[in-house]
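Structural overview
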Amino acid sequence: MLDPRDLVDTDNWLISRKLFFDREVYEQELENIFARCWLYLGHESQIANPGDFISAYMGEDPVLVVRDSRGKVGAFLNTCRHRGMRVCRADAGNAAAFTCTYHGWTYGNDGKLVGVPGYKEYYYEELDMEQWGLVPVAQVESYKGLIFGTFDASAPPLREYLGDITFYLDKILDRCEGGTEIIGGVHKWTMPCNWKFPSENFLGDSYHFTVTHISAMKAQSSNMPSNIAAVRGQGFSTSPGNGHGIMIDWPNDASRPILGPPLMQQYNADIAEEMEQRLGPERANMRYSAGNVFPNVSFHVSPSIRIWHPRGPDKIEIWSWCIVDKAAPPEVKEAMRINYLRTFSAAGTFEQDDGENWSQCTESSRGIIAQRYNLNYSLGQHQERTSEEFPGQIGPRVSEHNQRYFYGRWVDLMAGTSWAEITNTITK
Amino acid sequence: MPSEAIEREVEKFLFKEARLLDDWKFHEWLELFTEDVHYWMPVRTTRYSRESKAIAVLDRAHQRVDELANEDELAIFDETKQTLNMRVARLDTGQAWAEDPKSRTRHCITNIEVEEGDNANEVQVFNNFITYRNRLETEVDIFVGRREDTLRKEDGDWKICRRKIILDQNVLLSKNMSIFL
Ligand code: FES
Ligand SMILES: [Fe+2]
């Protein structure tokens, strides 16, 4: 097993390029990170009715997320227990049962094996059907509409795993009565990059914005404050524990112009009072830009939520959704849908330029000479503080503060540290 | 049925459009669209057919079989004239890194069918595309699909007032969609 401490120098914040292309590192990540952490599966609104299902992935493993006939949400490895055929090949639908199209084993929407062709004639009733249901995801839980799962039965409960990032997530998930819902459809696309580059970018990279996205900002100038400092805000980065992080543009001025149409701006004003009642003044007045729940689920004010699915050391598949307040008026939802897809989907005017960076960062890490030169994660080191109002270790808005906590957690997990012993857990 | 002369006009129009895109003449390309254009490429979802026996449906009311997203759902492009202009303005900045260096594209347009439109000055045009994109050293993407265009005669010129692009991919097999289809 690789010792991750050989790859991440947490004193000087230098990180080996091996993290971003090496097969051995990647295999260990699948085992120590993706098979252990809570991973995002989907939103409850996508499977609102009994029988509704969606296909998902946990790391590279396909899973089926189903609301069973009694209304309970479950998740199962999407592979037949007989010879391994994929049990469900559709992205979404509604089913009481799934029939494997190889030899016909049939599984109920609760994962139980309910039918085996030739059970008497060919198996002579010697197969214990109870034992051969779909492999369940060890733990499945929701946090305010977001369904997560983990294959580690010993992982702490979801609420504990999320820790204080929920303080910030609530700004998205719980600011209105009724919570959130997902607009129909998923943006899925592929990218030749390591999964950590986009995760760390959404987590805490306020530094890139005015260089990478300058063309989109210029072209959209009617919606954007011309002053770049105003875009970047006077906020902070915060790492509220467990490798999660979020960027706050404006800690106490939610009325600042956002990247989006006036209707979205107006809506924020319209719900300000309700938001303050539900969340209190700090969160009502705070404006975030983006964040990441460790390891690979990011959210963005556009408004969207996405997963960076690992597909090898140098490849990912991105799944991204538009998430809106359920109670928002239709025209506001429409404005959000349009704003998100035009800026942060595969054709998004902001998104395109991000992908160019992440793919080239990955590709150029391959060279054996390049590998001798570590990457620099020291931006804004030694500037940490804490706050009375906001949970987490707080760093400057433009810094690599959140990234350092992300890789700190990465080191702990990659070293195989038990959940009880993990040190990077920070609580206010 | 539109006359053969109109069919020929439409064909020439689509070939010219493809050339403008491949030559990076985006401002001229924009002139081929009406002010009220809707340029739309919905996402697709893999679903079982109504007849499929792979699943036993629990609730028909919640079984959906159409692959294409609706207009109020997600799309890769959902553009107006103003946002197409904005996209081109972005390319003009010299800082649109995903297209700097530029993509090398070749738009091949085939299977053109021209039918009557909803209005007298409009025609409905179905056409298939194979668009090859090559970028930097070895990046290659091939986008194949169908377009359903509505062309309108405005001041003697054909213009596109609606384009629905049906890309034959579920997961977009590309790191972005930084070109136009
Ligand atoms: S592989 Fe599924 S029934 Fe044989
Ligand atoms: Fe970005």
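Here we summarise the structure given alongside this text. (Residues numbered from 1 in each chain as written. Chains lettered and ligands numbered in written order. Predicted model: local features only at pLDDT ≥ 70, side-chain atom pairs only at ≥ 80, totals over all residues. Heavy atoms only, no water.)

Let's talk about the overall build of chain A
Rules: Numbering of helices and strands runs from the N terminus; a helix is a DSSP stretch of H or I covering at least four residues, while a strand is a stretch of E covering at least two. All radius of gyration figures rest on C-alpha atoms, and the globule criterion is 2.2 Å times the number of residues raised to 0.38. Each residue's exposure class comes from its accessible area (1.4 Å probe, protein chains only) as a fraction of the maximum for that residue type: buried when under 20%, exposed when over 50%, partly exposed otherwise. By definition, residues are in contact when any of their heavy atoms lie within 4.5 Å. Areas reported as accessible are Shrake-Rupley estimates using a 1.4 Å probe. Residue values count occlusion only from the protein chains shown. Charge assignment in this entry is limited to Lys and Arg as positive and Asp and Glu as negative, and neither His nor the chain termini are counted. Working definition for charges: the position is that of NZ of Lys, CZ of Arg, CG of Asp or CD of Glu.
What chain A contains, in helices and strands, is 13 helices and 22 strands. For 428 residues, the compact-globule estimate of 2.2 N^0.38 gives 22 Å, and chain A sits close to it at 22 Å. Expressed along its principal axes, the backbone C-alpha trace of chain A runs to roughly 75 × 55 × 40 Å. Every one of the 428 residues in chain A was classed for burial, and the buried ones make up 63%. The contacts of chain A with a sequence gap of at least 6 include a subset with a gap of at least 24, amounting to 65%. When the accessible surface of chain A is summed, it comes to about 16000 Å², and 48% of that surface belongs to carbon and sulfur atoms. A gap of 3 Å separates the mean positions of the 40 positive and 54 negative side-chain charges of chain A.

Quick notes on a nonpolar patch on the surface
All names here are of chain B. Put simply, the test is: Patches in this entry comprise residues that are over 30% relatively accessible and not in a salt bridge; like charges within 9 Å are linked, as are nonpolar side chains (Val, Leu, Ile, Met, Phe, Trp, Tyr) within 5 Å. Any Lys or Arg side-chain nitrogen located within 4 Å of an Asp or Glu carboxyl oxygen qualifies as a salt bridge.
A contiguous nonpolar patch, built from Ile 130, Tyr 132, Val 140, Ile 142 and Val 144 and spanning about 410 Å² of accessible area, is present on the exposed surface. Of all the secondary-structure elements, those providing two or more residues to the nonpolar patch are β5 (122–135) and β6 (139–154). Tallying contributions element by element places β6 first for the nonpolar patch, with three residues. You can see Ile 130 is positioned in strand β5. Since its relative accessible area comes to 43%, Ile 130 is described here as partly exposed.

Brief notes about the packing of helix α1 (residues 23–34) of chain A against helix α13 (residues 401–414) of chain A
All names here are of chain A. We count it as follows: Here, axes are lines fitted to C-alpha atoms. For helices the fit covers the stretch in contact, and angles between N-to-C directions go from 0 to 180 degrees. For classification, angles of less than 35 degrees are called roughly parallel, those exceeding 145 degrees roughly antiparallel, those between 65 and 115 degrees roughly perpendicular, and all remaining angles oblique. Residues are grouped as follows: Ala, Val, Leu, Ile, Met, Phe, Trp, Tyr, Cys and Pro are nonpolar; Asp, Glu, Lys and Arg are charged; every other residue, Gly included, is polar.
Two elements in contact, α1 and α13, have axes whose closest approach is 9 Å; the angle formed by their N-to-C orientations is 85 degrees. It follows that α1 is roughly perpendicular to α13 by the angle criterion. Between α1 and α13, the residues in contact are Val 25, Gln 28, Glu 29, Asn 32 and Ile 33 and Trp 410, Leu 413 and Met 414, respectively. Class assignment of the residues belonging to the contact of α1 with α13 gives a composition of five nonpolar, two polar and one charged.

Focus: the side chain of Ser 302 of chain A
All names here are of chain A. Rule in force here: What qualifies as a polar contact is a pair of N or O atoms within 3.5 Å, subject to a donor-acceptor requirement within protein and to the restriction that residues adjacent in sequence count only when both atoms come from side chains.
Inspection of the secondary structure assignment puts Ser 302 in the loop between β18 (297–300) and β19 (304–310). Residue classification places Ser 302 among the buried positions, given a relative accessible area of 0%. Looking at Ser 302, its side chain comes within polar contact range of the side chain of His 300, at 2.9 Å. Once residues lying within four places of it in the same chain are set aside, the contact partners of Ser 302 are Met 264, Met 336, Asn 339, Tyr 340, Thr 343 and Phe 344.

Observations regarding the layout of surface pockets
The condition that has to hold: Buriedness of a pocket was judged along seven lines, with at least five required to meet protein on both sides within 12 Å; pockets are open sets of points on a 1 Å grid over the protein atoms alone, cavities are sets where a 1.4 Å probe fits but cannot get out, and lining residues have an atom within 4 Å of a point. Grid points are joined across faces, edges and corners, and a volume is the space filled by probe spheres set on the points.
In this model, the largest pocket occupies a volume close to 770 Å³. Considering the residues around the largest pocket, the lining is formed by 39 residues, among which Gln 46, Ala 92, Gly 184 and Gly 185 of chain A together with Arg 47 of chain B are closest to the centre. Counting residues per element, the ones that place at least two in the lining of the largest pocket are β4 (52–58), β7 (92–94), β13 (180–182) and β20 (316–325) of chain A. Ranked by residue count, the leading element in the lining of the largest pocket is β4 of chain A, at five residues. Across the lining of the largest pocket, the residue classes tally to 15 nonpolar, 12 polar and 12 charged.

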